[in-house]
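# Chain and residue survey
So the chains spell out like this:
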Amino acid sequence: MKNLVILSGAGMSAESGISTFRDKGGLWDQYPVEQVATPEGYARDPELVLNFYNERRKQLLHVEPNAGHLGLAELEKDFKVTVVTQNIDNLHERAGSTHVIHLHGELTKVCSSYDPYNPHFLKELKPEEYEVKLGDRAGDGTQLRPFIVWFGEAVPAIETATLFVEKADIFVIIGTSMNVYPAAGLLNYVPRAAEVYLIDPKPVDIHAMRRIHVIQKGASEGVNELKRLLR
Ligand code: APR
């Protein structure tokens, strides 16, 4: 079975009703990044940050995986699929993808504010626990924090992701503006012999000296076209 590696971003979940970051009216138009997605912002006003993620976490209860997520899960019948996602939602998993690497953390998880990557304090929230309040404590007694990688923080999962990208026979970029590193840098680790596809309704300027098969469509239609092309 060929190794198929997906790199997905916010556009993957757009058709499920979750807004992207940099499209018009996107999340970064509504919220100042430095206040809600940096360690400094969290230190300055933890309650604002907790509520920003509480809102996004509760949204998970009202959205469903779209045909793009489901199509990727079906590809597991014919390929060894690894989904490397920048998204913090759980829609790839809910669609049935069984190997998902979250580079930027996961909305349904919380951790220690002192030692975010300590597995002893990592916790998966049940839906009834989706509202995290100031004063809720992690196992080490520090404030329970969203398990999200904020700007300026390390991306430990990038090492594992790179190992899978280096073995890709097919690499598919879906719904990301390729603006944020190290995620966007994964393209540099794709073997020269691999085929690269890009699914996005808008042109994405990728500075890569290699042939990229562009499917200029949304995730749902684009994944269907991809499946036809891969047959
Ligand atoms: N289907 C596929 N792609 C879409 C769709 C759709 N229906 N709608 C929009 N897109 C594309 C946009 O054209 C854009 O290229 O999705 C991409 C979204 O880009 P961004 O909003 O920049 O999101 P992303 O690339 O995932 O951001 C990366 O930045 O803010 C941080 O941590 C955050 O993980 C995020 C990272």
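Residues numbered from 1 in each chain as written. Predicted model: local features only at pLDDT ≥ 70, side-chain atom pairs only at ≥ 80, totals over all residues. Heavy atoms only, no water.

## What to know about unusual backbone geometry
- The step from Tyr-181 to Pro-182 runs through a cis peptide bond, and the omega angle for that step is 5°.
- The phi dihedral of Met-178 is positive, around 55°, even though this residue is not glycine.
- Structurally, Met-178 is set in the loop between strand 7 (170-174) and strand 8 (195-199). (Helix = DSSP H or I, 4+ residues; strand = E, 2+ residues; numbered from the N terminus.)

## Points about the pattern of salt bridges
- Per the counting criterion, the structure on display carries 10 salt bridges.
- Ionic pairing is found between Glu-106 and Lys-109, a salt bridge with its closest N-O pair at 3.0 Å.
- Here Glu-129 makes a salt bridge to Lys-126, at a shortest N to O gap of 3.8 Å.
- The exposure class assigned to Glu-129 is partly exposed, which follows from its relative accessible area of 23%.
- The partly exposed category is assigned to Lys-126, whose relative accessible area is 45%.
- Ionic contacts of the salt-bridge type, sharing partners, join the residues Glu-55, Lys-58 and Glu-131 into one network. (Salt bridge = Lys/Arg side-chain N within 4 Å of Asp/Glu carboxyl O. Buried < 20%, exposed > 50% of the residue type's maximum accessible area, 1.4 Å probe, protein only.)

## Quick notes on the domain arrangement of the chain
- By domain assignment, the chain separates into domain 1 (1-18 + 65-104 + 154-231) and domain 2 (20-62 + 107-148).
- Each of domain 1 and domain 2 was reduced to a C-alpha centroid, and the two centroids are 25 Å apart.
- Taken together, the contacts link 16 residues of domain 1 with 13 residues of domain 2.
- For the pairing of domain 1 and domain 2, the buried interface totals around 1,100 Å² over both sides, and the portion due to carbon and sulfur atoms is 56%.
- At the boundary of domain 1 and domain 2, one finds one salt bridge. (Domains from an automatic or database assignment. Contact = heavy atoms within 4.5 Å. Buried area = accessible area lost by both parts, 1.4 Å probe.)

## Some details on the environment of Lys-202
- The residue Lys-202 is located in the loop between strand 8 and strand 9 (213-215) in this model.
- Note on Lys-202: relative accessible area 45%, which makes it partly exposed.
- Separated by 27 residues in the primary sequence, Lys-202 and Gly-175 place their C-alpha atoms 9.3 Å from one another.
- Among all residues touching Lys-202, those that are not within four sequence positions of it are Asp-23 and Gln-216.
- Reaching out from Lys-202, the side chain makes a polar contact with the side chain of Asp-23 at a distance of 2.4 Å. (Polar contact = N/O pair within 3.5 Å; in protein donor to acceptor, adjacent residues only side chain to side chain.)

## Here's the deal with the sheet that holds strand 5 (residues 123-124)
- Strand order across the open sheet formed by three strands is 5-4-6, with antiparallel pairing between neighbours. A strand with exactly one partner marks an edge of an open sheet, and here the two such strands are strand 5 and strand 6 (144-148).
- As paired elements, strand 4 (residues 105-112) and strand 5 share two bridges and run antiparallel to each other. Pairing of Val-110 across the sheet is with Lys-123, part of strand 5. (Pairing = 2+ DSSP bridges.)

## Description of the site of the ligand
- The environment of the ligand is made up of 22 residues, and the closest members are Arg-22, Trp-28, Thr-176, Ser-177 and Asp-200.
- Within the side chain of Trp-28, one N or O atom sits 2.7 Å away from an oxygen atom of the ligand.
- The separation between an oxygen atom of the ligand and a polar side-chain atom of Asp-200 is 2.7 Å.
- Surface burial for the ligand is 92%, taken as the share of its 740 Å² of free accessible area covered by protein chains.
- In terms of residue class, the shell around the ligand is made up of eight nonpolar, nine polar and five charged.
- The residues that make up the shell around the ligand include at least three from each of domain 1 (1-18 + 65-104 + 154-231) and domain 2 (20-62 + 107-148). (Near = heavy atom within 4 Å. Areas by Shrake-Rupley, 256 points an atom, 1.4 Å probe, with all protein chains shown as cover. Nonpolar A, V, L, I, M, F, W, Y, C, P; charged D, E, K, R; others polar.)

## What about the sheet that holds strand 1 (residues 3-8)?
- Taken in spatial order, the six strands of this open sheet run 3-2-1-7-8-9, and their pairing is parallel. For this open sheet the edge positions go to strand 3 (100-102) and strand 9, each flanked by a neighbour on one side alone. Direction aside, the axes of adjacent strands within the sheet are offset by 20° on average.
- Relative to strand 8, strand 7 runs parallel, the two sharing five bridges. When the bridges of strand 8 are listed, Ile-173 appears paired with Leu-198.
- The strands touched by helix 7 (residues 157-165) are strand 1, strand 2 (80-85), strand 3 and strand 7; relative to strand 3, the strand with the most contacts, the crossing angle is about 140°.
- Sitting on the sheet, helix 8 (residues 219-230) touches strand 1, strand 7, strand 8 and strand 9, and the angle it makes with strand 8 is about 155°. (Axes fitted to C-alpha atoms, helices over the stretch in contact; angles between N-to-C directions.)

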